[in-house]
Each structure stands twice: as structure tokens, then as C-alpha cells.
Amino acid sequence: VHLKPGMKETLQQVMAEDASAGIPGWIADYLFESTSDPAVCFLVAFFQDEASYTANADSPDQHERYLKFRACLTADPEWNDWRAIGPGAYPLQTS
């Protein structure tokens, strides 16, 4: 996503409100900021399962939350749906 100038803190506040909304099946959101352009971010949302993700996507409450999110952006976001297929390809190195 591309943020409007000065909207990073507003977006973070919107995401904090979403986190406390009690969305069924929602686990977490992560917002990543580009190291080369802080106006470019990548957002990942995690849900317990595809059914809860789909139910949220189809809910009027989510549409209202989306409008607040969208107000922080210069353009509509690009949506990409992904399915987790494993916890990670490489074990953590402890030494």
C-alpha cells in the first residue's frame, strides 16, 4: 500500500482499533514499512482459518473498517490472498 503523506500514525491508530474490535477468527496484523520508501507499506493479516477470513471480508463491519484504512492510502490496495503451508522453511539458528 502507498500511504498519503503524514498518515502513518493514523493508519497505526486504525489498525489498533481493529485489533480491539473482537473480529472472530482474527489472530494478528503486521504492517511492514519499506526501508527505501517509508510511504510504501505491506500489510499481512492472519486468521484462524479461511472460513473466518471470508466471513470477515463479507461483513458490513469490515467494510466500515476498510473505509477508515483506505482513507490513509493514495490508491486502492492490491489484494493477494495466501494460504499458510508450513511454519517456516529454515530452523532458527541459536548460535
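Preceding block: the structure.
Just so it is clear, the structure is predicted and the values come from calculations on it, not from any experiment.

Each value, and the rule that gives it
- Residues numbered from 1 in each chain as written.
- Predicted model: local features only at pLDDT ≥ 70, side-chain atom pairs only at ≥ 80, totals over all residues.
- Heavy atoms only, no water.
- Helix = DSSP H or I, 4+ residues; strand = E, 2+ residues; numbered from the N terminus.
- Buried < 20%, exposed > 50% of the residue type's maximum accessible area, 1.4 Å probe, protein only.
- Areas by Shrake-Rupley, 256 points an atom, 1.4 Å probe, with all protein chains shown as cover.
- Lys, Arg positive; Asp, Glu negative; His and termini not counted.
- Charge placed at Lys NZ, Arg CZ, Asp CG, Glu CD.
- Salt bridge = Lys/Arg side-chain N within 4 Å of Asp/Glu carboxyl O.
- Contact = heavy atoms within 4.5 Å.
- Patch = residues over 30% accessible without salt bridge, like charges linked within 9 Å, V, L, I, M, F, W, Y side chains within 5 Å.
- Arc of directions from axis to C-beta.
- Phe/Tyr/Trp six-rings, centres within 6.5 Å; stacked < 30°, edge-to-face > 60°.

### Quick word on the overall build of the protein
Alright, step 1. Across its full length, the protein carries 3 helices and 2 strands.
Alright, step 2. Secondary structure elements of the protein, listed N to C terminal, follow the sequence α-β-β-α-α.
Alright, step 3. If one aligns the C-alpha atoms of the protein with their principal axes, the spans along those axes are about 40 × 35 × 25 Å.
Alright, step 4. Taken over 95 residues, the protein has a buried fraction of 21%.
Alright, step 5. Summed over its atoms, the accessible surface of the protein is roughly 7,400 Å², and 57% of this surface lies on carbon and sulfur atoms.
Alright, step 6. Here the protein holds 6 positive side-chain charges and 14 negative ones, and the gap between their average locations is 4 Å.

### Quick look at the side chain of Arg-65
Alright, step 1. Its location among the elements puts Arg-65 in helix α3 (residues 60–70).
Alright, step 2. Although Arg-65 is buried, it forms no salt bridge, and the closest oppositely charged side chain is Asp-18 at an N-O distance of 4.3 Å.
Alright, step 3. The residues touching Arg-65, leaving out its near neighbours within four places in the chain, are Asp-18, Ala-21, Ile-23, Asn-56 and Ser-59.

### As for a nonpolar patch on the surface
Alright, step 1. Together, Ile-27, Tyr-30, Phe-32, Phe-42 and Phe-46 line one region of the surface with nonpolar side chains, adding up to about 540 Å² of accessible area.
Alright, step 2. Of all the elements in the fold, those that place two or more residues in the nonpolar patch are β1 (26–33) and β2 (41–47).
Alright, step 3. Take the nonpolar patch: its biggest share by element is 3 residues, from β1.
Alright, step 4. Note that Phe-46 resides in strand β2.

### Thoughts on α3
Alright, step 1. Where α3 is concerned, the buried positions are Gln-62, Arg-65, Tyr-66 and Phe-69. The arc that holds every buried residue of α3, seen down its axis, measures 105°, which confines them to one face.
Alright, step 2. Along its buried surface, α3 packs onto α1 (8–19), β2 and α2 (50–57).

### Focus on the packing of aromatic side chains
Alright, step 1. Under the definition given, this model contains 6 aromatic pairs.
Alright, step 2. A centroid spacing of 6.1 Å and a plane angle of 45° characterise the contact between Tyr-66 and Trp-79, whose relative ring orientation is tilted. Taken as a pair, Tyr-66 in helix α3 and Trp-79 in the segment after α3 lie far apart in primary sequence, 13 residues in all.
Alright, step 3. On the basis of relative accessibility, which here comes to 18%, the residue Tyr-66 falls in the buried class.
Alright, step 4. By the ring-pair criterion, three or more aromatic residues cluster together here, those being Tyr-30, Phe-32, Phe-42 and Phe-46.

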